[in-house]
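Residues per chain are reported as follows:
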Amino acid sequence: VFKMAMIKCEDCGNEYSDKAAHCPKCGCPNKEISKTMAVWKTGRTVIGMLSLVLFVMISFQSCAAGLGNAIDNNNSLSGIAGFCLAICMMIAGIIAICTRKSVNKIPTVLPALFYWFGSLLTIGSGDTYGDLPIWGTLSFIFGLVFVVACYKQKK
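A few points on the structure. (Residues numbered from 1 in each chain as written. Predicted model: local features only at pLDDT ≥ 70, side-chain atom pairs only at ≥ 80, totals over all residues. Heavy atoms only, no water.)

1. Digging into the overall build of the protein
- When you go through the protein residue by residue, the secondary structure sums to four helices and two strands.
- For the protein, the succession of helices and strands along the chain, N to C, is β-β-α-α-α-α.
- What you see for the protein is a C-alpha radius of gyration of 21 Å, clearly larger than the 15 Å of a compact globule of 155 residues, by over 25%.
- Counting all 155 residues of the protein, 35% fall into the buried class.
- Of the contacts formed within the protein by residues at least 6 apart in sequence, a portion of 61% connects residues at least 24 apart. (Helix = DSSP H or I, 4+ residues; strand = E, 2+ residues; numbered from the N terminus. Rg over C-alpha atoms; globule rule 2.2 N^0.38 Å. Buried < 20%, exposed > 50% of the residue type's maximum accessible area, 1.4 Å probe, protein only. Contact = heavy atoms within 4.5 Å.)

Printed below as a string of structure tokens:
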């Protein structure tokens, strides 16, 4: 037998499900759910800002790697792959910051798609740009955080 946990509203005393975002009688927010949502919103914002900083750093590294590839004439595409990863991280970071207060699933998952696409571009392309697999892995982890946030947040 499935039994639903009930909590008492701090404002009106009404009992309601602990899974509800707010009291159905008075609209008082469920503080536990509010805390959980605040943690995920903050995390998404921090990752978004970090992505913008990494965009600058990875872009400069990618340009240096691309220049080195051109001088060596080694036909390596690691500089281009790194720059494409940086662009994906910038787009994902901007979306993450702009949609940080959203509880809908699409704006929460959209940055993950950009992070993962950028991560895919780095597979097997770290031959002359040794940091590229590290940035690709970090991008994959960022995407994973956004997917988990999608499932942890309640609408």
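What follows picks up the thread again.
2. Structural notes on the packing of helix H2 (residues 78-98) against helix H4 (residues 132-152)
- Viewed as axis vectors pointing N to C, H2 and H4 meet at an angle of 25°, and their least axial separation amounts to 11 Å. Between H2 and H4, the angle falls in the class roughly parallel. Helix-helix and strand crossings are classified by hand; for H2 and H4 the assignment is left-handed. Contacts from Ser78, Ala81, Gly82, Leu85, Met89 and Ala96 of H2 reach H4 at Leu132, Trp135, Gly136, Ser139, Phe142 and Phe146. (Axes fitted to C-alpha atoms, helices over the stretch in contact; angles between N-to-C directions. Parallel < 35°, antiparallel > 145°, perpendicular 65-115°, else oblique. Left-handed = near helix turned anticlockwise from the far one by under 90°.)

3. Brief notes about the packing of aromatic side chains
- Here the structure, examined in full by the defined rule, presents three aromatic pairs.
- Ring geometry for tyrosine 115 and phenylalanine 146: centres 5.7 Å apart, planes at 40°, overall tilted. Separated by 31 residues along the polypeptide, tyrosine 115 in helix H3 (residues 105-121) and phenylalanine 146 in helix H4 bring together distant segments of the chain.
- With a relative accessible area of 0%, phenylalanine 146 lands in the buried category.
- When the ring of tryptophan 116 is compared with that of phenylalanine 140, the centres are 5.6 Å apart and the planes differ by 25°; the resulting orientation is stacked. With a gap of 24 residues between them, tryptophan 116 in helix H3 and phenylalanine 140 in helix H4 connect regions that are remote in the sequence. (Phe/Tyr/Trp six-rings, centres within 6.5 Å; stacked < 30°, edge-to-face > 60°.)

4. Let's talk about unusual backbone geometry
- Phi at asparagine 73 is positive, roughly 50°, even though this residue is not glycine.
- Residue placement: asparagine 73 occurs in the loop between helix H1 (31-72) and H2.
- Given a relative accessible area of 61%, asparagine 73 falls into the exposed group.

By themselves, these observations are geometric and do not establish any function.
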